Amino acid sequence: MPERIKVIVNEDRCYLCGGCAGVCPTLAIEVHSSGWEFLQDKCISCRICISACPVGALSAESLEVSE
Ligand code: SF4
Ligand code: SF4
């Protein structure tokens, strides 16, 4: 299992192009004209969105595994 992550957006960099939402295999990111939204329940921690952002606006925060 890969490390579970939360994806964080840097709102100063993000220009809401929708690229990250377009590459996310599980539709865990939604980009609206009003802002960027992350749906933790859908995210499979693949990090594709982080590499895909053209301006480096996304980063990962480790999620503590709770048993
Ligand atoms: S890490 Fe993967 S599943 Fe999670 S939001 Fe990014 S692209 Fe989607
Ligand atoms: S790809 Fe980057 S700039 Fe584009 S909407 Fe996603 S976070 Fe924002």
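Residues numbered from 1 in each chain as written. Chains lettered and ligands numbered in written order. Predicted model: local features only at pLDDT ≥ 70, side-chain atom pairs only at ≥ 80, totals over all residues. Heavy atoms only, no water.

Going by an unreviewed UniProt entry, the chain carries the name 4Fe-4S dicluster domain-containing protein and comes from Thermococcus indicus.

(A) Up close: the side chain of serine 45. Topologically, serine 45 is positioned in the loop between β3 (35-38) and α2 (48-52). A distance of 3.0 Å separates a polar atom in the side chain of serine 45 from the backbone nitrogen of isoleucine 5. Residues within four places of serine 45 in sequence aside, it is in contact with Glu3, Arg4 and Ile5. (Helix = DSSP H or I, 4+ residues; strand = E, 2+ residues; numbered from the N terminus. Polar contact = N/O pair within 3.5 Å; in protein donor to acceptor, adjacent residues only side chain to side chain. Contact = heavy atoms within 4.5 Å.)

(B) Quick peek at the pairing of strand β1 (residues 5-9). Here β1 shows a buried face lined by Ile5, Val7 and Val9 and an unburied face lined by Lys6 and Ile8. In this structure, β1 lies alongside strand β4 (residues 58-62), joined through five bridges in antiparallel fashion. From the neighbouring strand, isoleucine 8 faces β4, where its bridge partner is serine 59. (Buried < 20%, exposed > 50% of the residue type's maximum accessible area, 1.4 Å probe, protein only. Pairing = 2+ DSSP bridges.)

(C) Region of interest: unusual backbone geometry. Despite not being glycine, leucine 27 shows a phi value in the positive range, around 55°. Counting through the fold element by element, leucine 27 comes out in the loop between α1 (19-23) and β2 (29-32). Accessibility expressed as a relative area gives 55% for leucine 27, which makes it exposed. Not every positive phi belongs to a glycine, and serine 45 is a case in point at roughly 60°.

(D) Molecular detail of the site of ligand 1. The local shell around ligand 1 consists of Cys24, Pro25, Thr26, Ala28, Ile29, Phe38, Cys43, Ile44, Ser45, Cys46, Arg47 and Cys49. Its residues placed into classes, the shell around ligand 1 shows nine nonpolar, two polar and one charged. (Near = heavy atom within 4 Å. Nonpolar A, V, L, I, M, F, W, Y, C, P; charged D, E, K, R; others polar.)

(E) View of the nonpolar core. Judged by nonpolar contacts, the single largest core of 15 residues is most densely connected at Val7, Cys20, Ile29, Trp36, Phe38, Cys49 and Leu58. Elements with a contribution of two residues or more to this core: β1, α1 and β3. No other element matches the three residues that β1 contributes to this core. (Core = buried A, V, L, I, M, F, W, Y, C linked by side-chain atoms within 4.5 Å.)

(F) Seen up close, the packing of aromatic side chains. This structure, assessed with the given rule, holds one aromatic pair. Ring plane angle 10° and centroid distance 6.3 Å describe the contact between tryptophan 36 and phenylalanine 38, whose orientation is recorded as stacked. Per residue, the accessibility class of tryptophan 36 equals that of phenylalanine 38, and both read buried. (Phe/Tyr/Trp six-rings, centres within 6.5 Å; stacked < 30°, edge-to-face > 60°.)

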